[in-house]
Protein chains: 2
Amino acid sequence: MAVLDNSTSPISPARLEAQPLYVKARNIMVDRLISGQWRPGQMLPSEFAIAAELGVSQGTVRKALDDMTAEGLVVRRQGRGTFVAEAEDNSILFRFYRLTPDGHQNSSSRPTFPESKYLSRSEGVATQQERDIFNLQANDRVWRFQRLRSNEDGPILWEQLVLPSRYFGDFSKQTQLPNNVYQFYSTNYGIIVAKVNEQLKAVSAPDDVAEMLHLPKSAPLLEIDRRAIALNDRVVEWRRSLCRSDTMHYRNELK
Amino acid sequence: MAVLDNSTSPISPARLEAQPLYVKARNIMVDRLISGQWRPGQMLPSEFAIAAELGVSQGTVRKALDDMTAEGLVVRRQGRGTFVAEAEDNSILFRFYRLTPDGHQNSSSRPTFPESKYLSRSEGVATQQERDIFNLQANDRVWRFQRLRSNEDGPILWEQLVLPSRYFGDFSKQTQLPNNVYQFYSTNYGIIVAKVNEQLKAVSAPDDVAEMLHLPKSAPLLEIDRRAIALNDRVVEWRRSLCRSDTMHYRNELK
DNA sequence: AAGTGGTCTAGACCACTGC
DNA sequence: CAGTGGTCTAGACCACTTT
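Please read these numbers as outputs of a predicted model, since none were measured by experiment. (Residues numbered from 1 in each chain as written. Chains lettered and ligands numbered in written order. Predicted model: local features only at pLDDT ≥ 70, side-chain atom pairs only at ≥ 80, totals over all residues. Heavy atoms only, no water.)

### Side note on the overall build of chain A
Then comes step 1: Tallying secondary structure elements over chain A gives seven helices and 10 strands in all.
Then comes step 2: By the burial criterion, 49% of the 255 residues in chain A qualify as buried.
Then comes step 3: For chain A, contacts bridging at least 24 residues in sequence account for 59% of all contacts bridging at least 6.
Then comes step 4: Surface summary for chain A: the accessible area is close to 12700 Å², and the carbon and sulfur share equals 49%. (Helix = DSSP H or I, 4+ residues; strand = E, 2+ residues; numbered from the N terminus. Buried < 20%, exposed > 50% of the residue type's maximum accessible area, 1.4 Å probe, protein only. Contact = heavy atoms within 4.5 Å. Areas by Shrake-Rupley, 256 points an atom, 1.4 Å probe, with all protein chains shown as cover.)

### Overview of the interface of chain B and chain A
Then comes step 1: On the side of chain A, 31 residues touch chain B, which itself brings 32 residues to the contact.
Then comes step 2: Buried area between chain B and chain A, both sides added, is near 2800 Å², and the carbon and sulfur share of it is 47%.
Then comes step 3: If you sort the residues of chain B by the area they bury against chain A, B:Lys201, B:Leu254 and B:Lys255 come out on top, with a joint share of 23%.
Then comes step 4: Viewed at the interface, chain A and chain B are joined by 20 residue pairs in polar contact (both at pLDDT 80 or more). (Buried area = accessible area lost by both parts, 1.4 Å probe. Polar contact = N/O pair within 3.5 Å; in protein donor to acceptor, adjacent residues only side chain to side chain.)

### Structural notes on the protein's contact with DNA strand D
Then comes step 1: Close contacts around DNA strand D come from 21 residues, with A:Gly79, B:Leu21, B:Tyr22, B:Ser57 and B:Thr60 the closest.
Then comes step 2: Here A:Arg62 contributes a side-chain N or O atom positioned 3.0 Å from a base nitrogen of DNA strand D.
Then comes step 3: Between A:Arg76 and DNA strand D, the recorded distance is 3.2 Å, taken from a side-chain N or O atom to a phosphate oxygen.
Then comes step 4: Of all the secondary structure elements, the ones that give two or more residues to the surface near DNA strand D are β1 (74-77) and β2 (81-84) of chain A together with α1 (21-35) of chain B.
Then comes step 5: Split by residue class, the surface near DNA strand D holds five nonpolar, 10 polar and six charged. (Near = heavy atom within 4 Å. Nonpolar A, V, L, I, M, F, W, Y, C, P; charged D, E, K, R; others polar.)

### Notes on the sheet that holds strand β6 (residues 154-164) of chain B
Then comes step 1: The strand order across the open sheet formed by eight strands is β3(A)-β10(A)-β7(B)-β8(B)-β9(B)-β6(B)-β5(B)-β4(B), and the pairing between neighbours is antiparallel. The strands lining the two open edges of the sheet, one partner per strand, are β3 (99-101) of chain A together with β4 (115-125) of chain B. Between one strand and the next, the sheet's axes are offset by a mean angle of 25°, whatever the strand orientation.
Then comes step 2: Contacting β4, β5 (141-151), β6, β7 (193-204), β8 (220-230) and β9 (235-244) of chain B, helix α6 (residues 181-189) of chain B crosses the sheet at an angle of about 165° to β9(B). (Pairing = 2+ DSSP bridges. Axes fitted to C-alpha atoms, helices over the stretch in contact; angles between N-to-C directions.)

### A look at the pattern of salt bridges
Then comes step 1: Using the criterion set out here, one finds 40 salt bridges over all chains in the structure.
Then comes step 2: Among the salt bridges present, the one from A:Glu47 reaches A:Arg62, with a minimum N-O distance of 3.2 Å. Residue A:Glu47 is located in helix α2 (residues 47-54), and its partner A:Arg62 is located in helix α3 (residues 58-70); the two are separated by 15 residues in the primary sequence.
Then comes step 3: Residue class for A:Glu47 comes out buried when judged on its relative accessible area of 12%.
Then comes step 4: Linking B:Arg26 and B:Glu71 is a salt bridge whose minimum nitrogen-to-oxygen distance equals 2.7 Å. (Salt bridge = Lys/Arg side-chain N within 4 Å of Asp/Glu carboxyl O.)

### A look at the sheet that holds strand β5 (residues 141-151) of chain A
Then comes step 1: In spatial order, the strands read β4(A)-β5(A)-β6(A)-β9(A)-β8(A)-β7(A)-β10(B)-β3(B); together these eight strands make up an open sheet with antiparallel pairing. At either end of the open sheet lies a strand with only one pairing partner, and these are β4 (115-125) of chain A together with β3 (99-101) of chain B. Strand-to-strand twist of the sheet, defined as the mean angle between neighbouring strand axes without regard to direction, takes the value 25°.
Then comes step 2: Examined bridge by bridge, strand β6 (residues 154-164) of chain A and strand β9 (residues 235-244) of chain A share six bridges and lie antiparallel to one another. The partner of A:Trp158 across the bridge, within β9(A), is A:Leu242.

### Structural notes on the environment of A:Arg149
All names here are of chain A.
Then comes step 1: Note on placement: Arg149 falls in strand β5.
Then comes step 2: Counting along the chain gives 33 residues from Arg149 to Ser116, while the straight-line C-alpha distance between them is 4.4 Å.
Then comes step 3: For Arg149, the contacting residues outside a window of four places in its chain are Phe113, Pro114, Glu115, Ser116, Pro155, Ile156, Leu157, Glu159, Asn179 and Arg239.
Then comes step 4: A polar contact is formed between the side chain of Arg149 and the side chain of Ser116, at a distance of 3.4 Å.

### Describing helix α6 (residues 181-189) of chain A
Residue and element names in this part refer to chain A.
Then comes step 1: Inspection of α6 places Val181, Tyr182, Phe184, Tyr185 and Ser186 among the buried residues, and these make up the whole buried set.
Then comes step 2: The residue sitting at the N-terminus of α6 and contributing the capping side-chain oxygen is Asn180; that oxygen lies 3.4 Å from the backbone nitrogen of Tyr182.
Then comes step 3: Count one or two residues on from α6 and you reach Gly190, which has phi positive near 65°.

### What to know about the protein's contact with DNA strand C
Then comes step 1: By nearness alone, 21 residues border DNA strand C, and A:Leu21, A:Tyr22, A:Ser57, A:Thr60 and B:Gly79 come closest of all.
Then comes step 2: In DNA strand C, atoms within 4 Å of the protein come 78% from sugar and phosphate.
Then comes step 3: Separating a phosphate oxygen of DNA strand C from a side-chain N or O atom of B:Arg76 is a distance of 3.2 Å.
Then comes step 4: Mapped onto the surface near DNA strand C, the elements with two or more residues apiece are α1 (21-35) of chain A together with β1 (74-77) and β2 (81-84) of chain B.

### Focus on the relation of the copies chain B and chain A
Then comes step 1: Of the two same-sequence chains, chain B is brought onto chain A (RMSD 0.0 Å, axial shift 0.0 Å) by a rotation of 180°. Look at the turn and shift together and you get a two-fold axis relating the two. Looking at the rotation axis and the C-alpha trace of chain B, the residue lying nearest is B:Ala202, at 2.4 Å.
Then comes step 2: Taken together, the interface assignments show that 97% of the residues at the interface of chain B recur at the interface of chain A, consistent with an identical surface on both copies. (Least-squares fit on C-alpha atoms with pLDDT ≥ 70 in both.)

Right, dumping it as structure tokens:
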């Protein structure tokens, strides 16, 4: 069955949004990721099978899948197949994690992924700022988690996570959030984080955070304000991290 | 004339590095950028012309050029041609510039590119650290420039640039470095910056920098340690910036 | 109209994986 | 061995820019 058709029917009204077939094919496949029809870890049909279903050539499907690979949505393995990306895939753990101990210049030597100790959690009505960030209604509620993250050398950062109750439901039965929360969102709620926007600042450590990180009062900390954006372009997590900057740094490669 | 040939000659020794044709084609074209045979702003031959010269199909050249487009090395304009990227191209000004005034959430509204005031400059023997960074010999020399950069609201950052004399020759006749130094490297020395590696930290402002930025002593500043890497994979510039963090932030989108 | 890049197709062959 | 993705080709047609 040919789902896609770019032919210009003489009866059809003015085509408001003409898109290349490979863009349409990508969007159809992304919709299947969003809807959960294709779940993380699952193998996709072969290029030829998808091409036949959509009524396009295999080369067009390939281009769409190449784009989705570049977006980190799928993983392709020669000889095996194409798979929906999982949060724990191949150092995708480190896709959004840029904090590195000083001295780890080589990008080859991966830093360790820090463990989390949850300090507290609460649920309440969203503040005005939270409503703006998540695009929530007046009485919508959010969950807030505070945690301290440590590597083998000790505590490295304190952070607060804010999650809209509307997307995640009730956490009150949830004894703990796991360390890798993006994998948790994916497997438990079908929410796939596609990208994150971060804003970095230097701030003076609040007294309580300085104490938790074993730093002197007012020590300069790296503040990372992150909004995680799901496949459907909604902000699904707001995270504010305060990271020690005397032994750690944030690495970034711009091309 | 067919430059590329993937045929397996029965006489040839073990092929140590089998690469796809499009990778070889890319490398040949990058070499022409490095050598200056193709200079910034210049139009490349058409896909068919390159394909004929290299002895491959037009589709293979297209894939190589697509990769180079993704690397920011060339710019393709439908109906016009393919051009070597220039430092001033289409907001490539902002490719390596991530500092944004607070409140500029929308990536659509570009921040202004800050003006530079050069404070001092000097030339001398490279320190051990500089020799390590640039991979220099014992008696190699470097130029060091200090400058203060401001936008319409006042000074926003102080930074020092270090450049190996070996790559850039003599700056003593040079009255000033321009504001956009990467364009300057490209047009005057044929050095094309392909990527930059940055390390971010939070630090306390030194007294002199605090004064220049009109900030209280020990104010927290964002420190950006940047190494600029040219097409030939050599580090060609080391830059250390101290940026005010009360009215500015560093934005980053991770996919 | 001529020349460029952008899209799309159909088909061939190779490389890798798992049965 | 069959099935998958990876590479490469040849050719058609479209969209855009310039002359």
